Amino acid sequence: MPNDKDDVLAPEAIAAHLAALPGWREADGWIARTYRTNSWKGTLMVINTVGHLAEAAWHHPDLTASYAWVEVRLTTHSAKGLTEKDFALARKIEEVVGWQPGLEGGALEGTPTDPRFAYIKHDR
């Protein structure tokens, strides 16, 4: 018998999870987010970050990429729908890819504003 993390979520639960994940959307049994980047370098950095998190979680998204964007799509294939696993990984991806240390006021200053060093276009 599957446990709670493997149960397909009801539409109300999906909507509640998405409300806490701005930028993510639901479509056809998937949740998805497109990350805009400034270049191929940024695209590869996002792909590698998502790949690391997915492998560590043992829950793998579908990725589509082009020069200046990456789309991440999640669903739980074994459950044939969206589960807690999808939203847990989406939250971790959002936390890491969206991290802006320069806004935290700590020792890390973040990426310079110089476009030569920019790699991701953060939501403002």
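None of the values given here were measured: they were computed from a predicted structure.

A few words on the nonpolar core. Core analysis: the biggest nonpolar cluster contains 21 residues, and Trp24, Ile31, Tyr35, Phe87 and Ile93 have the highest contact counts within it. Breaking this core down by element, the ones donating at least two residues are helix H1 (11-19), strand S2 (30-36), helix H2 (40-57), strand S4 (69-74) and helix H3 (84-97). Per element, the largest residue contribution to this core is five residues, and it comes from H3. Sequence-distant contacts of Phe87, that is, excluding residues within four places in its chain, are made with Leu9, Ile14, His17, Leu18, Leu21, Ile31 and Leu82.

Assignment of secondary structure puts Thr43 in helix H2. On the basis of relative accessibility, which here comes to 0%, the residue Thr43 falls in the buried class. For Thr43, the side chain forms a polar contact with the side chain of Thr37, separated by 2.8 Å. Residue contacts for Thr43: discarding those within four places in its chain leaves Thr37, Ala65, Ser66, Tyr67, Ala68, Trp69 and Val70.

With that out of the way, let us pick up the sheet that holds strand S1 (residues 25-27). Consider a sheet: its strands pair through backbone hydrogen bonds, and that pairing is either parallel or antiparallel. Spatially, the four strands line up as an open sheet ordered S1-S2-S4-S3, and their pairing is antiparallel. Unpaired on one side and paired on the other, S1 and strand S3 (62-66) mark the two borders of the sheet. The average angle at which neighbouring strand axes cross in this sheet is 25 degrees, direction not considered. With five bridges joining them, S3 and S4 adopt antiparallel strand pairing.

Here the focus is the side chain of Glu71. For Glu71, the location among the structural elements is in strand S4. On the basis of relative accessible area, Glu71 is assigned to the buried category, the value being 17%. Within the local environment of Glu71, its side chain forms a polar contact with the side chain of Arg25, the two groups lying 2.6 Å apart. Those residues within four positions of Glu71 in sequence are excluded, and the remaining contacts are Arg25, Ala32, Arg33, Thr34, Asp62, Leu63 and Thr64.

Moving on, we come to the packing of aromatic side chains. Enumeration over the complete set of coordinates arrives at zero aromatic pairs. Above the plane of the ring of Trp30 lies Arg73, whose end atom (NZ or CZ) is 3.9 Å from the centre.

Our focus in this paragraph is the packing of H2 against H3. What describes two packed helices is the angle between their axes and the distance between those same axes. With their axes 10 Å apart at the nearest point, H2 and H3 run at an angle of 140 degrees to one another. Here H2 lies oblique to H3, going by the angle between them. The two elements H2 and H3 meet at a crossing, and its hand is right-handed. Where H2 approaches H3, its residues Val46, Thr49, Val50, Leu53, Ala54 and Ala57 are matched on the opposing element by Leu89, Lys92, Ile93, Val96 and Val97. Split into classes, the residues belonging to the contact of H2 with H3 amount to nine nonpolar, one polar and one charged.

Reading the values: rules and limits
Residues numbered from 1 in each chain as written. Predicted model: local features only at pLDDT ≥ 70, side-chain atom pairs only at ≥ 80, totals over all residues. Heavy atoms only, no water. Core = buried A, V, L, I, M, F, W, Y, C linked by side-chain atoms within 4.5 Å. Buried < 20%, exposed > 50% of the residue type's maximum accessible area, 1.4 Å probe, protein only. Helix = DSSP H or I, 4+ residues; strand = E, 2+ residues; numbered from the N terminus. Contact = heavy atoms within 4.5 Å. Polar contact = N/O pair within 3.5 Å; in protein donor to acceptor, adjacent residues only side chain to side chain. Pairing = 2+ DSSP bridges. Axes fitted to C-alpha atoms, helices over the stretch in contact; angles between N-to-C directions. Phe/Tyr/Trp six-rings, centres within 6.5 Å; stacked < 30°, edge-to-face > 60°. Lys NZ or Arg CZ within 6 Å of the ring centre and 35° of its normal. Parallel < 35°, antiparallel > 145°, perpendicular 65-115°, else oblique. Left-handed = near helix turned anticlockwise from the far one by under 90°. Nonpolar A, V, L, I, M, F, W, Y, C, P; charged D, E, K, R; others polar.

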